[in-house]
Amino acid sequence: MNARTPELDLLQIPDEFQQCFDEQRAAYLAHPEPSHAERLADLRSLSRLLKDNRTRLVEAINRDYGNRSEFETLFAEFFVVLETINDTAKNLKKWMKPQRRRIDFMLYPGASNRVIPQPLGVVGVIVPWNFPLNLSFCPLAAILAAGNRAMVKMSENSRHLAALLAEISPKYFPEDKLRFFDDGGGRGPAFSSMPFDHLLFTGSGTTGRAVMANAARNLTPVTLELGGKAPAVVGPDFPIKTAAERIMWVKMFNAGQICTNIDYVFLPEGASEEFTAHCKRLFAERFPDINGNDYTSIIDDRSYARLQASLDDAQAKGARLVNLAEGQAPNAAMRKFAPHLVFNLTPEMQLSQREIFGPILPVRTYRDKQEVADYINAHDRPLAIYPFTNHKPLQQFYISRVMSGGVSVNEALLHVAQHDLPFGGVGPSGMGHYHSREGFNTFSKLRPVFYQGPFSAVQMLFQPPYAGRALKFMNLLIRFKG
C-alpha cells in the first residue's frame, strides 16, 4: 500500500511526507482500534492545543492575512471548532457502538448481523487559507474520533500558522498520530498523490479536480468541499431591510472570503434601490473605518488584483457599480478592498463565470420564482442556497426545485455551524460529508460482519445436486416473492 509507483516518483514525494506516512501506517497496524478513552483523550488534546495557544494562533492568522478581524478569528476558528469538538466527544460512545442489522429469514436462528465502525488508517487533509483552523480542526475532530491518524497540509497562504502548528502540535500528539505540514511551495500534488486511506480536500473546483485525479492513482477515496456560486433569493414577502442586514453580515464576514458565502442575490423587481440604500447605511454603521481592524484584508496581492480586475471587466461591459464604502479610502497596501454591489450583469462578465470570493455582490432581479430556479439550475450546483421568505410553500419550492449542498432559510451560512447537520457539496460543489455523525462515518469503515449460528440453513437446504429438494424449495421461495 505504501510502495511508490513510477508515477508517484515523477512527483518527487518529499521524504518528510513519506517518512511520516510510513510511521503513521506502522502505528495504525500496531494499534488499529483505539479505545473510546483514547479517542476522547485525543479530542481533549485538540481542545487544549487551541486554548493553550490562543494568542499565538490568532497572531499567526493575522500575520498571514495582513489584517484579520480578531472577532472573526475567535468566532469562526475557535468558538465553532471548540463546539464541534465538544459535540463529538459527547456523542462518540454512541457513534462507536456496533449497529444491529436484521437477519435474512432463510438463515437459521442464532445468526446475527452487525455493522462495526472501524478506523480507516491514515487520513490526509488539505486545508485552504480562508479558515485554516476551522477547516483543519473540525475534520480532525471526526478523523480522530473515528480512531485514525492524520497528516495535514496547510495552504501556502498560511505559512505563519503552519509553522506554529508544526512547532506546537508535537507537545500534544505524537507525530505518528498527527502532523502538520507547510505547503513549502507547490507540494500539494505530491501530497494528494500519497496512498492515504482517505483524503479530504477543501478548495477550488479546479484544484479539486486535480486532487481527485492524483488520488485516483491509488484509488484513494476523497471528500471534496469545493464551493461555488451560492445564490440568495429574497422572496416578495420578505422585508428588504431585514434581508439586507442578514446578507450584508455574511458578505462582509472575512471580507467575503468564504466558500459558502452569498455569491449573488436575486431581488424582486423594483427592490434594488431600497436594498442599495440599506446596504450603504449598514456598511457605514458597521465599518466606519474600512482600514480598521474589524474589516479583514484580502489574503494576498494576486486575489486583490483578481477582484479589482473583475470589477473593471464588469464596468467595461456595461455593469453599474455601487461602492458601499463611498467617502472612505481603502488602504491598498493592506489589501483593504471596498465592497461593491454590481447591477446589470451579463453572462460574459467575469463575475458571472467564477466564484467571487470577496466583498463584491452582484444583484439580479426577477419577476417569477421559476425564472430564479431555471437560472440556478442552468449552472453548476452550488454549495448552498439561501431563500429568504416566510411563505412556507415558497421555501419548499426552492428546497425541492434547486439542488445544492446545503440550505439556510431566512439566513445565510449558519447551516454550516449546526453541529448535528452534515456539511458537504453536490456535483461541482463537492462530494461527501463531514461534521457530526456523518463525519465519523466518512472517516470510518462501516464494516459489515455476519455471524453464523450453530446451524446453517444454506448448508442444510441447498447442497448439490440441485435437481431435487433444493430446486423445488428455491422455486417455492421465488413464487412468494414480490
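Up top you'll find the structure we're talking about.
Basis of the calculations
Residues numbered from 1 in each chain as written. Predicted model: local features only at pLDDT ≥ 70, side-chain atom pairs only at ≥ 80, totals over all residues. Heavy atoms only, no water. Salt bridge = Lys/Arg side-chain N within 4 Å of Asp/Glu carboxyl O. Helix = DSSP H or I, 4+ residues; strand = E, 2+ residues; numbered from the N terminus. Buried < 20%, exposed > 50% of the residue type's maximum accessible area, 1.4 Å probe, protein only. Phe/Tyr/Trp six-rings, centres within 6.5 Å; stacked < 30°, edge-to-face > 60°. Lys NZ or Arg CZ within 6 Å of the ring centre and 35° of its normal.

**With respect to the pattern of salt bridges**
Should the charged atoms of two oppositely charged side chains come close, the side chains can pair.
Right, on to step 1. Scanning the entire structure with this criterion turns up 18 salt bridges.
Right, on to step 2. Between Glu 245 and Lys 241 there is a salt bridge whose closest N-O contact spans 2.7 Å. Of this pair, Glu 245 and Lys 241 are both found in helix 10 (residues 240-252), four residues apart, which corresponds to roughly one turn of the helix.
Right, on to step 3. With relative accessibility at 23%, the residue Glu 245 sits in the partly exposed group.

**Looking at unusual backbone geometry**
Right, on to step 1. The step from Pro 464 to Pro 465 runs through a cis peptide bond, and the omega angle for that step is 0°.
Right, on to step 2. With respect to the helices and strands, the residue Pro 465 is situated in the loop between helix 17 (457-461) and helix 18 (469-479).
Right, on to step 3. With a phi angle near 65°, Asn 344 is a residue other than glycine that sits in the positive phi range.
Right, on to step 4. In this fold, Asn 344 is placed in the loop between strand 11 (340-343) and helix 13 (350-353).
Right, on to step 5. Judged by its relative accessible area of 48%, Asn 344 is partly exposed.
Right, on to step 6. Positioned with a positive phi, His 435 is a non-glycine residue whose angle comes to about 90°.
Right, on to step 7. With respect to the helices and strands, His 435 occurs in the loop between strand 15 (430-431) and helix 16 (436-442).
Right, on to step 8. A relative accessible area of 11% means that His 435 is categorised as buried.

**A look at the packing of aromatic side chains**
Remark: the centre distance and the inter-plane angle together describe each pair of aromatic rings, the angle taken between the planes.
Right, on to step 1. Scanning all chains against the criterion turns up 25 aromatic pairs.
Right, on to step 2. Members of the aromatic cluster, joined through ring pairs, are Phe 71, Phe 75, Phe 79, Phe 131, Trp 249 and Phe 253.
Right, on to step 3. When the ring centre of Phe 343 is taken as reference, the NZ or CZ atom of Arg 320 above it lies at 4.3 Å.
Right, on to step 4. The ring centre of Phe 397 lies 4.7 Å from the NZ or CZ of Lys 369, which sits over that ring.

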